[in-house]
Amino acid sequence: MKKIVVTTATILVVAGMVLLLIGNKKKSREQADSVSLASGTTMVSTVSVTSEDMDRSFSANGVAQAVNELNFVSEITGRVVKVFVDKGSRVVKGTPLLKIDSELLEADYNATLASYEALCKDERRFTLSYEAGGVSSQQLDNIRTQLAAAQSRLTVSKWKLDNAVVKAPIAGTINMRYVEPGALIAPNAPLFEIVDDSRIKVTCNLPESRIGLVHAGDKVVASSSESESLQFSGTVRSVGIKTDRGLNYPVEIYLDKTADLHAGMYLKVRFQPQDNRKGILIPRKAVVGSVLSANVYVASDGKAHRKEVVLGEMTGDRIEIVEGLSEGDQVIVSGLMNIADGSAITVINQ
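Please read these numbers as outputs of a predicted model, since none were measured by experiment.

Undergrad: For this particular structure, what's the right way to read the overall build of the protein chain?
TA: What the protein chain contains, in helices and strands, is four helices and 21 strands. Considering the protein chain as a whole, with its 350 residues, one finds that 33% of them fall into the buried category. Considering only intrachain contacts with a sequence separation of at least 6, the fraction spanning at least 24 residues in the protein chain is 72%. Taken as a whole, the protein chain presents about 21,700 Å² of accessible surface, with 53% of it coming from carbon and sulfur.

Undergrad: Help me understand the nonpolar core in this model?
TA: Nonpolar side chains in soluble globular proteins tend to end up buried together. With 23 residues, the main nonpolar core has Leu206, Val251, Ile253, Leu255, Leu267, Val269 and Phe271 as its most contacted residues. Counting residues per element, the ones that place at least two in this core are β3 (58-73), β10 (190-206), β11 (219-224), β12 (231-239), β13 (249-255) and β14 (266-271). Counting residues in each nonpolar core, the second largest holds 17 residues, with Ile76, Val80, Val179 and Phe192 among its members.

Undergrad: When you look at the pairing of strand β1 (residues 42-48) in this model, what are you seeing that I'm missing?
TA: Remember that side chains alternate between the two faces of the sheet whenever the strand is regular. Where β1 meets strand β21 (residues 345-347), three bridges bridge the pair, whose relative direction is parallel. In the strand pairing of β21, Met43 is matched with Thr346. Bridge count for β1 against strand β20 (residues 330-334) is four bridges, and the pairing is antiparallel. Following the sheet pairing, Thr46 is matched in β20 by Ile332.

Undergrad: Looking at this structure, I do not really get the confidence of the model for the protein chain. What am I missing?
TA: Should the pLDDT be low somewhere, the predicted coordinates at that spot are not to be read in detail. With 88% of its residues at a pLDDT of 70 or more, the protein chain has an overall mean of 85. Taken as a whole, residues 1-10 scores under 50 in pLDDT and shows zero contacts with residues more than four places along the chain or in a different chain.

Calculation notes
- Residues numbered from 1 in each chain as written.
- Predicted model: local features only at pLDDT ≥ 70, side-chain atom pairs only at ≥ 80, totals over all residues.
- Heavy atoms only, no water.
- Helix = DSSP H or I, 4+ residues; strand = E, 2+ residues; numbered from the N terminus.
- Buried < 20%, exposed > 50% of the residue type's maximum accessible area, 1.4 Å probe, protein only.
- Contact = heavy atoms within 4.5 Å.
- Areas by Shrake-Rupley, 256 points an atom, 1.4 Å probe, with all protein chains shown as cover.
- Core = buried A, V, L, I, M, F, W, Y, C linked by side-chain atoms within 4.5 Å.
- Pairing = 2+ DSSP bridges.
- pLDDT = per-residue confidence, 0-100.

What follows is the structure in structure tokens.
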């Protein structure tokens, strides 16, 4: 019984608070309506339109990558008898990476070499015999054809034997190792991932509105997503001429290597175009409508007048107006929800 009484009291208290809030809200609305009716105008604030130098710098994100990365695959078949490197090993071009069992390869090479040498002797003998009239030209051509085929087989056999010791095609660090001693490998089987992080690049995808501001050779500054104080300088190496599926153009940047710069870092790249120009910038909150049908309200003679405008680039919390405004116009930036074209207004700028 006592619990029921407590619950009922709680409900009554909550209901009283709700009614009080509703009453206060209604009273506030009535006061606002009375002020509006009394004055007959809407309070707004404005900014004066001026032409100024536009800061056309902008940022784009990208991931740092090594300039040279290679997923190294096998070119021959064989069983691995020894692996010379492991993950983290530094290699230079030509460093032995692993050795394949070469017993069969050596046997094949020796047999092919013997066949080739025998055909060389036959070719010399047939040539002398042909000069003496002992064999026909067709017989000489046949032996020379056999010799050419044997030479080709010898070249392939020697190449396989030479590649029984697999060597690094580029300098770098062994990032991944996919093979173990005793494994049987086949052509195109992955062996190692080699990363040359002596040079680092980052690729940013820029929209059409930005791509014209970037040129090969431009200097940029990249900062780490973990700490903006960690910055790296770089140079634009190439600007794409074709969009990707997202209708963005790839821009490749080479960064100056430092001890703090590593492949895989998420970076914000700051582009600073030098071809700055003057333009009219207003707060973005002053624009109503859509990008394709944008409008602003201008205060004049105590009334709000709607104007169609053409939007340009965005800079921070401001946007460029390409057409529709002139210097000296007073653009309304607050009170927009309560006005329409021709509404009476009172400007309350501080």
